[in-house]
Amino acid sequence: MILMDAMREGTTMVATEQLTTILMADDDPDDRLLTQQAFREQRLANELRFVEDGEQLIDYLKQQGQYADPSISPRPGLILLDWNMPKKNGREVLAEIKVDPQLKRIPVVVLSTSNAEMDIRHAYDLGANAFISKPVTFEGLAAIVKTLGEHWFGIVELPS
Amino acid sequence: MTSHDQPFDWKEALEFASGRRELVMELVDLFMEEGPGLIAEIGKAIEAQDAKVVQERAHRLKGSLKYFGTSAAADRAAELEAIGSEQQLADMPSKFAELKTAMDDLIPHLRKGPPE
């Protein structure tokens, strides 16, 4: 239950200032819970924050509304983006992010239940940095989280 | 009746969670928080003849059941979502009644949790 409480508050229990903040946009509470659990199991200490739809994601990134205070809503260094969300979907927000000079350098990893070629092409055309089909087991999700951690925070250099 | 109208079992949920009972119960807790509220919202939307809200809430209910594998409740939610999408207002009350029955059957199983 501690995990669920932390998830509702929008942050992991392990928050370390110097580590890159990861922002996940997903309307499915199950998927948010499972991703948080996978981060814990993989001991990925980055702060993981959540928004629940595309409009919230844009508000967060542009520090608008409830996300206006950057000390409370720090700029993310990586975005995990659900492709199918209400209000603004993944396509719309990805397009918006990648044409915005202030936001376009933030890597965006698209997560989708779809593995349709059309969706994959569309995501990369819009500037996605990776496209991942959501796994069908928790172990699959944990493996993806481990690989994301190794890739984005162990191998590549991210813009500051 | 579909082939999914069989007694609910935990096989698919436990397979998804690789046998982690605690993780399955976290998903159950989350469903218990969201599911009944969605049912109430669907009922109100049907009264208001708002097919779009029926479709959206039924979609969310179906999604909230996805990690529990096949179940009559998930099937009824999917059917109600389709009816909402097609704006078949006259069919909504009877399908909603079927959904509520399926939920009433399912919830005691979920509360009990998977076998130890």
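Scroll up to find the structure this text is about.
What you see is a predicted model; the values in this text were computed from it and never measured. (Residues numbered from 1 in each chain as written. Chains lettered and ligands numbered in written order. Predicted model: local features only at pLDDT ≥ 70, side-chain atom pairs only at ≥ 80, totals over all residues. Heavy atoms only, no water.)

(A) Layout of the overall build of chain B. When helices and strands are counted, chain B shows five helices and zero strands. Starting at the N terminus and walking to the C terminus, you meet the elements of chain B as α-α-α-α-α. Computed over C-alpha atoms, the radius of gyration of chain B comes to 14 Å, within 12% of the 13 Å expected from 2.2 N^0.38 for 116 residues, which places it in the range of a compact globule. For the C-alpha atoms alone, the extent of chain B along its principal axes is close to 45 × 30 × 20 Å. Residue burial in chain B is summarised as follows: out of 116 residues, 47% are buried. Here the contacts in chain B between residues at least 6 apart in sequence split such that 68% fall between residues at least 24 apart. Roughly 6,000 Å² of accessible area belongs to chain B as shown, and the carbon and sulfur atoms make up 51% of that amount. (Helix = DSSP H or I, 4+ residues; strand = E, 2+ residues; numbered from the N terminus. Rg over C-alpha atoms; globule rule 2.2 N^0.38 Å. Buried < 20%, exposed > 50% of the residue type's maximum accessible area, 1.4 Å probe, protein only. Contact = heavy atoms within 4.5 Å. Areas by Shrake-Rupley, 256 points an atom, 1.4 Å probe, with all protein chains shown as cover.)

(B) A look at the interface of chain A and chain B. Facing 17 residues of chain A, the contacting portion of chain B comprises 16 residues. Contact between chain A and chain B buries roughly 1,500 Å² in total, counting both sides, with carbon and sulfur atoms accounting for 56%. Across the contact surface, chain A and chain B share three salt bridges. One salt bridge connects B:Lys66 with A:Asp28, and the closest N-O pair in it is separated by 2.2 Å. Counting across the chain A and chain B interface gives four residue pairs in polar contact (both at pLDDT 80 or more). If you list the elements that add at least two residues to the side of chain A that touches chain B, you get α1 (2-8), α2 (29-41) and α6 (138-155) of chain A. With seven residues, α2(A) is the largest single contributor of residues to the side of chain A that touches chain B. (Buried area = accessible area lost by both parts, 1.4 Å probe. Salt bridge = Lys/Arg side-chain N within 4 Å of Asp/Glu carboxyl O. Polar contact = N/O pair within 3.5 Å; in protein donor to acceptor, adjacent residues only side chain to side chain.)

(C) How the structure looks around the packing of aromatic side chains. Going through the model one piece at a time under the given rule, you end up with five aromatic pairs over all chains. Relative to A:Phe131, the ring of A:Trp83 lies with its centre 6.2 Å away and its plane at 75°, an arrangement referred to as edge-to-face. On the criterion of sequence distance, the pair formed by A:Trp83 in the loop between β3 (78-82) and α4 (90-98) and A:Phe131 in strand β5 (residues 130-133) is long-range, its members being 48 residues apart. Like A:Phe131, A:Trp83 is buried. Their ring planes at 40° and their centres at 4.4 Å tell us that B:Phe16 and B:Tyr67 sit as a pair that is tilted. One end of the pair, B:Phe16, is in helix α1 (residues 11-16); the other, B:Tyr67, is in the loop between α3 (51-64) and α4 (72-85), with 51 residues separating them in the sequence. The exposure classification of B:Phe16 matches that of B:Tyr67, with both residues buried. (Phe/Tyr/Trp six-rings, centres within 6.5 Å; stacked < 30°, edge-to-face > 60°.)

(D) Structural detail: the sheet that holds strand β4 (residues 108-112) of chain A. Residues and elements named next belong to chain A. With respect to topology, five strands assemble into an open sheet ordered β2-β1-β3-β4-β5, the strand pairing being parallel. Two strands in the sheet have a free side with no partner beyond their single neighbour: β2 (48-51) and β5. In this sheet, adjacent strand axes meet at a mean angle of 20° when their direction is disregarded. Judged from the four bridges that link them, strand β1 (residues 22-25) and β3 form a sheet pairing that is parallel. Bridge assignment links Ile 22 to a residue of β3, and that residue is Leu 78. Those strands touched by α2 are β1, β2 and β3, and its axis lies near 175° from that of β2. Against the sheet, helix α5 (residues 117-126) engages β4 and β5, with an angle of about 155° to β5. (Pairing = 2+ DSSP bridges. Axes fitted to C-alpha atoms, helices over the stretch in contact; angles between N-to-C directions.)

(E) Representation of the pairing of β1(A) within the structure. All names here are of chain A. Side chains Ile 22 and Met 24 project from β1 onto one buried face, and the interleaved Leu 23 and Ala 25 project onto a second face that is buried too. Bridging between β1 and β2 involves four bridges; their strand directions are parallel. By the bridge assignment for β2, Leu 23 is matched with Arg 49. Once the chain exits β1 it traverses α2 before rejoining the sheet at β2, and the crossover so formed is right-handed. (Right-handed = clockwise from strand over helix to strand, strands pointing away.)

(F) Representation of the nonpolar core in the model. Core analysis: the largest hydrophobic core is formed by 60 residues, its most contacted members being A:Leu80, B:Phe31, B:Ile42, B:Leu61, B:Phe68, B:Leu99 and B:Leu110. The element best represented in this core is helix α2 (residues 21-47) of chain B, accounting for 13 residues. Every residue in contact with B:Leu61, bar those within four places of it in the chain, is listed here: B:Phe31, B:Gly35, B:Leu38, B:Ile39, B:Ile42, B:Ala77, B:Leu99 and B:Met103. Within the second largest apolar cluster, 22 residues are counted, among which are A:Leu23, A:Tyr60, A:Leu81 and A:Val93. (Core = buried A, V, L, I, M, F, W, Y, C linked by side-chain atoms within 4.5 Å.)

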